[in-house]
Amino acid sequence: MAHTSNTAAGVDNTFRRKFDREEYLERARDREKQEAERVKSKLKGPPVQRKPLKHRDYEVDLNSRLGKTQVVTPVAPLSQQAGYYCSVCECVVKDSANYLDHINGKKHQRALGMSMRVERASLEQVQERFEVLKKRKTPGSFTEQDLEERIIKQQEEEEQRKRERRERKKEKKKEKAAEDEPEVDPDVAAMMGFGGFRSSKK
Ligand SMILES: [Zn+2]
């Protein structure tokens, strides 16, 4: 009898969900098994051995773009966006202090294959370092080769700067020439009836 009244109402909302103990127990077992496997596979891999920290062998370029103007669009590649670009981590840092923090930081060093551990220096290394610093302090101890090397280096840098300046000038000249040049060829202009074009320029 109840059946007929239910179908008349259209929806049976007197149904109460029952907790299927067996089914959920089965699911729980599956999940536990999967988790155990995942942990096992994680443990299986050998621990990654990273090298201890090394000091930089290059000069950090922080101010080559100082005072320059650059048009930045959101669609430009990361390396051409505002700020300092790290090609290792492919990220942009907004200012020089943060850039330094970044390249000294854990994430960056990890990308370079280094842990943050520092190698313990031996007695010989410390002594060597003292010798180097002592040499640097006494001005008379520069060998001639040192001096020559430094002079050559300076000359190279100067030349590089000159070359860049020259190229910049050339580019500016080119731009200016492109601006000055009339868009219409003078001969064509004369043919088209702009006779005064040429004479007015003279
Ligand atoms: Zn980085």
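Residues numbered from 1 in each chain as written. Predicted model: local features only at pLDDT ≥ 70, side-chain atom pairs only at ≥ 80, totals over all residues.

A. Geometry of the overall build of the protein. Each helix and strand counted, the protein has 8 helices and 2 strands in total. In the protein, the order of α-helices and β-strands from amino to carboxyl end is α-α-β-β-α-α-α-α-α-α. Going through the 202 residues of the protein one by one, you find that 1% of them count as buried. Expressed as a percentage of contacts within the protein between residues at least 6 apart in sequence, the contacts between residues at least 24 apart total 33%. (Helix = DSSP H or I, 4+ residues; strand = E, 2+ residues; numbered from the N terminus. Buried ≥ 20, exposed ≤ 12 C-beta atoms within 10 Å, placed from the backbone. Contact = placed C-beta atoms within 7 Å.)

B. Region of interest: the confidence of the model for the protein. Scored by pLDDT, the protein comes out at a mean of 81, with 80% of its residues at no less than 70. Looking at the elements of the protein, mean pLDDT is at its lowest for helix H8 (residues 196-201), recorded as 45, and at its highest for helix H3 (residues 96-103), recorded as 93. Residue range residues 1-7 is modelled with pLDDT below 50. Its contacts to residues more than four positions away, or to other chains, number 1 contact. Predicted confidence is poor over residues 195-202, with pLDDT under 50, and the contacts of this stretch with residues over four places away or in other chains come to 6 contacts. (pLDDT = per-residue confidence, 0-100.)

C. Structural detail: the UniProt feature "domain: U1-type" (unreviewed entry) in the protein. When the UniProt feature table is mapped onto this chain numbering, "domain: U1-type" (unreviewed entry) sits at residues 81-115. Helix makes up 40% of residues 81-115 and strand 17%, and the two end C-alpha atoms of the span are 29 Å apart. (UniProt positions renumbered as here; feature names shortened; annotations may be inferred.)

D. Structural context of helix H6 (residues 144-180). Compared with an ideal rise of 1.5 Å per residue, which puts 37 residues at 54 Å, H6 spans 53 Å between its outermost C-alpha atoms and is within 8% of the ideal. Summarising burial for H6: 0 of the 37 residues are buried, a small minority. (Expected span 1.5 Å × (residues − 1).)

E. Quick look at unusual backbone geometry. One non-glycine residue, Glu 90, lies in the positive phi region at around 50°. Tracing the backbone through its elements, the reader meets Glu 90 in the loop between strand E1 (84-86) and strand E2 (91-93). Looking at Glu 90, the number of C-beta atoms within 10 Å reads 11, which means it is exposed.

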